[in-house]
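# A look at the structure
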Amino acid sequence: MKKIWLLTLIIFGMTTSELFISGLLTEMALFYNTSISKIGMLITYYALSMAIVGPILTIVFIHVNPKKLLVYVVSLFILGQFIGGFTSNYLIMVFSRIITGGSASVAIAVSLNIAFTQVSKEKHATASSIVMSGLMLASIIGLPVSTFVGHQYSWQVSYISIAVLLLISIILVIFFIPQPNYDNNMKVEDELKSLKSGPLWLSYMTAFLIISATFGISSFFEPILTKASTFTSKQLPLLLSLYGISSLIGNFIVGKLGDKYTLTILKIGCIQLIIAFALLATFINQPFIVILSIVLFGLSGISLNPATIVRVTNIAGSGTAVMTLLNSMITFGVVIGTYIGNTILSMQLPIVFLLISSIILAILAFLTVLFDKNIK
């Protein structure tokens, strides 16, 4: 179980790369001489590549040993990261995000598969919470540190540092993660048969809506907290850390209880999202309530990933196609959430519209859980 944390380190580095732009929107907009909404689209391009390119690569390389495949895709991610860090051309930066996004999608799916081979089926929630804690650690450590480095030095230094971290991470994986057993005679057709389940697609829809609501807010923390609210840019890293710590705590709570109380946890999490966004929209100028909202937001949102993963595996198993499609639905959620946010900002609508849109998405997510009668 301890070696699984090396997989967490990879997810941490990749997620930091995905999210760090949300803390440096203004700096990157000035560097590229473009709008904040256009820089925000770099998050969307990354997520869109995860959703489209990732599943294609995973199916194409289904017969490749998981550990070897992980080394390949992380190496590709590092290359894309270096390209982005050294370019002053916006289109090349977009290309960099496409490379890193597609690589990250495969890396997450393969990391989960490797982790599941290390534990019993009853420990899948725990294993997934460990691997996916890289998402929260990226918010706690990666995002505020990359934001601080970007403000103190430059966003390029921050971007390239992530590539160096991932290089160290994959070297550790090569030496310390055991080669998992895998079926090199696996047929894609057999896995695709499991995708015909109605409850499975309802589970996918829940994951999609939760992440859409989450990233519709978390991708735009800077304008929400420093322009619509009363906080300063210097206080932003502390607020991002608070969000990350809350997410990490929520992740391990969900990982601990996810196997036994899957739907109950998802219902509570959706309700927390609705309350958090409603409080933020109503009391945006009240610092204490804003902080409370951030904590409630962190305890739900991406913290619900272990429960959504267990819900899917309980219905259709943990095959590559099933897990890859779940990852695609999650990343499509990132695409839609950030697209809605960018659209609202580009139309120069009040920040409160960001919050209202995420409230609607969270309500829809709650309904998809409410109508599921298959598991507890």
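See the structure printed just above.
Quick look at the structure, then. These numbers come from a predicted model, not from an experiment. Each residue is numbered by its place in its chain's sequence as written, counting from 1. Whole-chain, interface and lining totals are the exception, using all residues; otherwise, since this is a predicted model, local features are given only for residues with pLDDT of at least 70 and side-chain atom pairs are given and counted only at 80 or more. Hydrogens and water molecules were not included; the side-chain quantities draw on all heavy atoms of the structure.

### Overview of the overall build of the chain
Helical segments are the DSSP runs of H or I of at least four residues, strand segments are the runs of E of at least two, and each set is numbered from the N terminus. Check the secondary structure of the chain and you find 16 helices and zero strands. The globule rule puts the C-alpha radius of gyration for 376 residues at 21 Å, and the 19 Å found for the chain is close to it. Taken along its principal axes, the extent of the C-alpha atoms in the chain is 55 × 45 × 35 Å. Summary of the burial criterion: residues with accessible area below 20% of their type's maximum are buried, those above 50% are exposed, and those between are partly exposed, where the area comes from a 1.4 Å probe applied to protein chains only. Burial status across the chain gives 59% buried among its 376 residues. Note that the radius of gyration is over C-alpha atoms, with the globule rule given as 2.2 Å times the number of residues to the power 0.38.

### Remarks on the layout of surface pockets
Any space left empty among the atoms is revealed by the rolling of a water-sized probe across them. Roughly 160 Å³ of internal volume is contained in the second largest pocket. Definitions used throughout: a 1 Å grid over protein atoms alone; a cavity as a set of points that fits a 1.4 Å probe which cannot get out; a pocket as an open set with protein on both sides within 12 Å along at least five of seven lines; a lining residue as one with an atom within 4 Å of a point. Surrounding the second largest pocket, G250, I253, V254, I265, I268, G269, Q272, L299, S300 and L304 form its lining. Secondary structure elements with two or more residues in the lining of the second largest pocket: α11 (236-257) and α12 (262-282). The dominant element in the lining of the second largest pocket, judged by the number of residues it contributes, is α12, at four residues. Looking at the lining of the second largest pocket residue by residue, the classes come out as six nonpolar, four polar and no charged. Grid points are joined across faces, edges and corners, and a volume is the space filled by probe spheres set on the points. When residue character is reported, Ala, Val, Leu, Ile, Met, Phe, Trp, Tyr, Cys and Pro are called nonpolar, Asp, Glu, Lys and Arg charged, and the others, Gly included, polar.

### Examining empty space enclosed by the protein
Enumeration over the complete set of coordinates arrives at four cavities of 30 Å³ or more. Considered as a void within the structure, the largest cavity measures approximately 160 Å³ in volume. If you trace the largest cavity, you find 15 residues lining it, with E18, L135, F215, I330 and V334 closest to the centre. The residue makeup of the lining of the largest cavity, split by class, is 10 nonpolar, four polar and one charged.

### Overview of the side chain of T368
Counting through the fold element by element, T368 comes out in helix α16 (residues 352-370). Among the polar contacts listed, one links the side chain of T368 to the backbone oxygen of A365, at a separation of 2.6 Å. Setting aside residues up to four positions removed in sequence, T368 forms contacts with L202, M205, T206, L209 and R311. Any pair of N or O atoms that falls within 3.5 Å is considered a polar contact. Within protein, one atom must be able to donate a hydrogen and the other to accept it, and sequence-neighbouring residues count only if both atoms are side-chain atoms. Here a residue-residue contact requires only that any non-hydrogen atoms of the pair lie within 4.5 Å.

### Regarding the nonpolar core
In this text, buried Ala, Val, Leu, Ile, Met, Phe, Trp, Tyr and Cys residues form a nonpolar core when linked through side-chain atoms within 4.5 Å. Core analysis: the largest hydrophobic core is formed by 117 residues, its most contacted members being M14, M28, I39, L70, Y204 and I224. Each residue touching I224, except ones within four places of it in the same chain, is listed here: I217, S229, L280, I284, I351 and L354.

### Concerning α12
By this rule the span expected of a helix is its residue count minus one, scaled by 1.5 Å. Between its first and last C-alpha, α12 extends 31 Å over 21 residues, near the 30 Å set by a 1.5 Å rise per residue. Among the residues of α12, those classed as buried are T262, L263, I265, L266, G269, C270, L273, A276, F277 and L280. When α12 is viewed along its axis, its buried side chains cluster within an angular range of 160° and face the same direction. Of the surrounding secondary structure, the elements contacted by the buried residues of α12 are α9 (198-218), α10 (221-228), α11, α13 (287-299), α14 (305-316) and α16. The directions from the helix axis to the C-beta atoms are what the arc is built from.

### A few points about the packing of α11 against α13
Packed helices, taken two at a time, are described by the angle between their axes plus the distance between the axes. The N-to-C vectors of α11 and α13 enclose an angle of 35°; their axes lie 7 Å apart at closest approach. Pair α11 / α13 crosses with right-handed handedness. Note on element contacts: α13 touches α11 through I291, I294, V295, F297, G298 and L299, opposite L239, L242, Y243, S246, S247, I249 and G250. Partitioning the contact of α11 with α13 into residue classes produces nine nonpolar, four polar and no charged. Under this scheme, a helix contributes an axis fitted over its contacting stretch, all axes are lines through C-alpha atoms, and angles between N-to-C directions fall in the 0 to 180 degree range. Note: crossing handedness is left-handed where the near helix turns anticlockwise from the far helix by less than a right angle, and right-handed where it turns clockwise.

### Quick look at α9
Along its 21 residues, α9 runs 30 Å from first to last C-alpha, staying within 8% of the 30 Å computed at 1.5 Å per residue. Counting buried residues along α9, 16 of its 21 residues qualify, which places the element largely inside the surrounding structure.

### Some thoughts on unusual backbone geometry
Here the phi dihedral of N33 falls at roughly 55°; this positive angle occurs in a residue that is not glycine. Its place among the elements puts N33 in the loop between α2 (25-32) and α3 (36-60). Judged by relative accessible area, N33 falls into the exposed class, the value being 73%.

### Thoughts on the packing of aromatic side chains
Stacked, tilted and edge-to-face are the three classes applied to pairs of Phe, Tyr and Trp rings, where Trp contributes its six-membered ring and a pair requires centres within 6.5 Å; stacked means planes under 30 degrees apart, edge-to-face means over 60, and tilted covers the rest. Under the definition given, this model contains 13 aromatic pairs. Within the aromatic cluster, the residues linked to one another by ring pairs are F20, F31, Y32, Y90, W155 and Y159. Lysine NZ or arginine CZ positioned within 6 Å of the ring centre and within 35 degrees of the ring normal marks a charge as sitting over the ring. The ring of Y90 carries K38 above its face, with NZ or CZ at 4.8 Å from the centroid.

### Some details on the environment of V369
Looking at the secondary structure, you find V369 in helix α16. Along the chain, V369 and K267 lie 102 residues apart, while their C-alpha atoms are 6.4 Å from each other. Residues within four places of V369 in sequence aside, it is in contact with T206, L263, L266, K267 and R311.

### Considering the environment of I141
Relative to the elements of secondary structure, I141 occurs in helix α6 (residues 124-152). When its relative accessible area of 43% is taken as the criterion, I141 is described as partly exposed.

### A word on the packing of helix α4 (residues 66-85) against helix α5 (residues 90-117)
Where α4 meets α5, the axes come as close as 8 Å, and the angle between the chain directions of the two elements is 155°. What the angle tells us is that α4 and α5 run roughly antiparallel. For the element pair α4 and α5, the recorded crossing hand is left-handed. When its residues are assigned to classes, the contact of α4 with α5 shows 16 nonpolar, seven polar and one charged. Orientation is classified from the angle alone, with under 35 degrees giving roughly parallel, over 145 giving roughly antiparallel, 65 to 115 giving roughly perpendicular, and any other angle giving oblique.

### Focus on a nonpolar patch on the surface
Surface patches are drawn from residues lacking salt bridges whose relative accessible area is over 30%; two like charges belong together within 9 Å, two nonpolar side chains (Val, Leu, Ile, Met, Phe, Trp, Tyr) within 5 Å. The protein chains shown are the only cover counted for residues, whose accessible areas, like all others here, come from Shrake-Rupley with a 1.4 Å probe. We count a salt bridge whenever a side-chain nitrogen from Lys or Arg sits within 4 Å of a carboxyl oxygen from Asp or Glu. Together, M347, L349, V352, F353, I356, I360, I363, L364, L367, L370 and F371 make up a nonpolar patch on the protein surface, roughly 910 Å² of accessible area in all. For L367, a relative accessible area of 33% corresponds to the partly exposed category.

### Digging into the side chain of T15
Mapped onto the secondary structure, T15 falls in helix α1 (residues 4-19). Residue classification places T15 among the buried residues on the basis of a relative accessible area of 4%. Setting aside its immediate chain neighbours within four residues, T15 contacts G134, L135 and A138.

In short, geometric facts, not functional conclusions.
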